[in-house]
Amino acid sequence: MKPAIELKDVHKSYGTQHVLRGVNLSIPEGKTTIIVGGSGQGKSQIIKHSLGLIRPDSGTVKVFDKDINAINKKQLKEVRTHFGVLFQNSALFDSMTVYDNVALPLRERTKFAEEKISDIVHEKLEMMDVVGSDDKYPAQISGGMKKRVGLARAIVLDPKIIFFDEPTTGLDVEKSNEIYRAFFRTQAQLQYTAVIVSHDVPKIFKLADYVSLLFDGVMQGCITPEEFQLSENPAIKSFVRETMGELYSSEVEGLL
Amino acid sequence: MMKVFERLGSSALLQFNEIGRMGIFLFYSFLSIVRPPYKPGPVIKQMYVIGSKSVFVILFTGVFTGMVLGLQGYHTLSKVGAEGVLGSFVSLGLIRELGPVLSALMVTGRAGSAMCAEIGIMRISEQIDALDCMAIDPHKYVIAPKFIAGIISMPLLTAIFDVMGIFGGYLVGVKLLGGNEGSFFTSMYNNVGAEDIYMGLMKPLCFGVLIIWISSAKGFYVHMTKGGGFGAEGVSGVTTSAVVLSSVAILLFDFFLTSILI
Ligand SMILES: Nc1ncnc2c1ncn2[C@@H]1O[C@H](COP(=O)(O)OP(=O)(O)O)[C@@H](O)[C@H]1O
Ligand SMILES: [Mg+2]
């Protein structure tokens, strides 16, 4: 199958810090790909490269077979009409109400009447379990709620590719389950391509078609969750052991 | 020695870089102004922010500038026995020079700084990136309404400033110091011509573009600012430099515009 997004040998440095060291990654169309990896490894950087917000030092980033650093502004805008993005910090417009935040893409990108916009916005907000906060400003709602409003805004135009950067970090278990359920429903319905950065291992494996670990500036495999858990790759192996709770097995405890 | 040249070279490159960036910014801003769709809502909102909210400060400074002109003018002119032309002295000074420059400086301080900070915060909290990713052009959505509002508001504010100033000059020159009311207005009618009004409107138009350009571009590129541009300090830094640069640019441009239009 043709990949929706393809990163080839992407390098990126900040000063002396070599963050991405030859990232190769294919995101298959219509599937859910999870990117895992420690904090500060550059997961958000991969998302920003895929969005065309950051230009790689070397290497190419292709979205729908178009090199997004070689096309013009108009074509890039066209590609981005298919994106739905949740930034790690939600990036809500802080001088707009919750309702206006979610309504903005509809107002700017469609010619829908205000009643129709209102219906869609409320549908998406309900899906994300944000009810009765229409007139609140981002500063007046909790961090988890911001994430959910961000998610509602990301999916409001039924995008083809969604990028969620840590959609459930900082949420309690119940709320994050709720988000995953909502995600599962909409993914089944809309068949979009999903790129999700998450720390919710192993729960997130249930949603994933493919899992990829970012370690040492390189993607370690893009494989199914089952393969991932059984992988012999030392980086993946140690990641799986650290995150999947073998910490309490007698073997490790014996070492401590 | 090499080090010195290196440093000079790199700082020169940075300057060129910034100038280029500002130029591209202006180009895209104008492009997004002329491109449809045209939405009046955001423009009206910005006219409120830039224009209406500046009215009070303009009224106030206008009156006092006119009063001081009246005071100084009366004393100077009466030395040569020409206090009869006070009206034209006050009105020409205001319309051609002080009205445009002082209103522009007031708007820089009031609206330019606020605009720079607002856009800077949008940048560092990734709201501009978010707009980009939603395929909403930040130039069209954020910057263009400010430009249009600035271009419309500046001449209007300047006109208010001029009228208030002339009123202030009249208060001091005629009511306070007892100059002749008739000659105050006659000299004004006789000496203020269409070319003065033209200059008095062209200047604020240019200053309006200058203020919005510098203030919004500084905020827009806060993340690329040399040696910083992080967080609240980054925003406060660019805001300060936007105000300083705008003010200096207004005075420089005032000289060049005057020499072209005179
Ligand atoms: N603008 C920047 N300037 C300098 N370093 C940066 C910048 N953006 C990211 N980095 C560095 O890149 C690394 C990866 O960041 P990020 O992608 O946010 O990590 P994460 O995997 O936690 O999402 C971090 O170590 C950070 O220090
Ligand atoms: Mg991150």
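In this report, the structure presented in the accompanying data block is examined.

The rules we used
- Residues numbered from 1 in each chain as written.
- Chains lettered and ligands numbered in written order.
- Predicted model: local features only at pLDDT ≥ 70, side-chain atom pairs only at ≥ 80, totals over all residues.
- Heavy atoms only, no water.
- Donors = N, O, S within 2.8 Å, 3.2 Å for Na, K, Ca; no water.
- Helix = DSSP H or I, 4+ residues; strand = E, 2+ residues; numbered from the N terminus.
- Buried < 20%, exposed > 50% of the residue type's maximum accessible area, 1.4 Å probe, protein only.
- Patch = residues over 30% accessible without salt bridge, like charges linked within 9 Å, V, L, I, M, F, W, Y side chains within 5 Å.
- Areas by Shrake-Rupley, 256 points an atom, 1.4 Å probe, with all protein chains shown as cover.
- Salt bridge = Lys/Arg side-chain N within 4 Å of Asp/Glu carboxyl O.
- Lys, Arg positive; Asp, Glu negative; His and termini not counted.
- Charge placed at Lys NZ, Arg CZ, Asp CG, Glu CD.
- Pairing = 2+ DSSP bridges.
- Axes fitted to C-alpha atoms, helices over the stretch in contact; angles between N-to-C directions.
- Near = heavy atom within 4 Å.
- Polar contact = N/O pair within 3.5 Å; in protein donor to acceptor, adjacent residues only side chain to side chain.
- Nonpolar A, V, L, I, M, F, W, Y, C, P; charged D, E, K, R; others polar.
- Contact = heavy atoms within 4.5 Å.
- Buried area = accessible area lost by both parts, 1.4 Å probe.

All names here are of chain A. Taken together, the protein donors to the magnesium ion (ligand 2) comprise Ser44 (OG) and Gln88 (OE1), at separations of 2.0 to 2.1 Å. Taken together, the residues span a long stretch of sequence, with Ser44 in helix H1 (residues 43–51) and Gln88 in the loop between strand E6 (83–86) and helix H3 (98–109) at a distance of 44 residues. Given a relative accessible area of 36%, Gln88 falls into the partly exposed group.

It is worth spelling out a negative patch on the surface at this point. Residues and elements named next belong to chain A. Residues Glu115, Asp119, Glu123 and Glu126 make up a contiguous surface patch of negative charge. By secondary structure assignment, the location of Glu126 is in helix H4 (residues 114–127). Given a relative accessible area of 55%, Glu126 falls into the exposed group.

Residues and elements named next belong to chain A. One open sheet accounts for six strands, arranged E6-E7-E8-E3-E9-E10; its pairing is mixed. With partners counted over all chains shown, the strands left at the sheet margins are E6 and strand E10 (218–223), one partner each. Averaged over neighbouring strand pairs, the angle between their axes works out to 15° when direction is ignored. Examined bridge by bridge, strand E3 (residues 32–36) and strand E9 (residues 210–215) share four bridges and lie parallel to one another.

What follows deals with the site of ligand 1. Residue and element names in this part refer to chain A. Within the structure, ligand 1 sits among Tyr14, Gln17, Val19, Gly38, Ser39, Gly40, Gln41, Gly42, Lys43, Ser44, Gln45 and Gln88. The backbone of Gly40 places a nitrogen or oxygen atom 2.7 Å from an oxygen atom of ligand 1. Within the backbone of Gln45, an N or O atom sits 2.9 Å from an oxygen atom of ligand 1. For ligand 1, whose free accessible area comes to 560 Å², the fraction covered by protein is 65%. Looking at side-chain class alone, the shell around ligand 1 contains two nonpolar, nine polar and one charged residues.

Of the residues lining the interface, 22 residues belong to chain A; the matching set on chain B comes to 18 residues. Together, the buried faces of chain A and chain B total about 1800 Å²; carbon and sulfur atoms form 59% of this surface. Viewed at the interface, chain B and chain A are joined by three salt bridges. One salt bridge in this structure joins Lys48 of chain A and Glu126 of chain B, with 2.6 Å as the shortest N-O distance. Viewed at the interface, chain B and chain A are joined by six residue pairs in polar contact (both at pLDDT 80 or more). Every element with two or more residues in the side of chain A that touches chain B is listed here: H1, helix H2 (73–80), E6 and H3 of chain A.

Geometry only, nothing functional implied.
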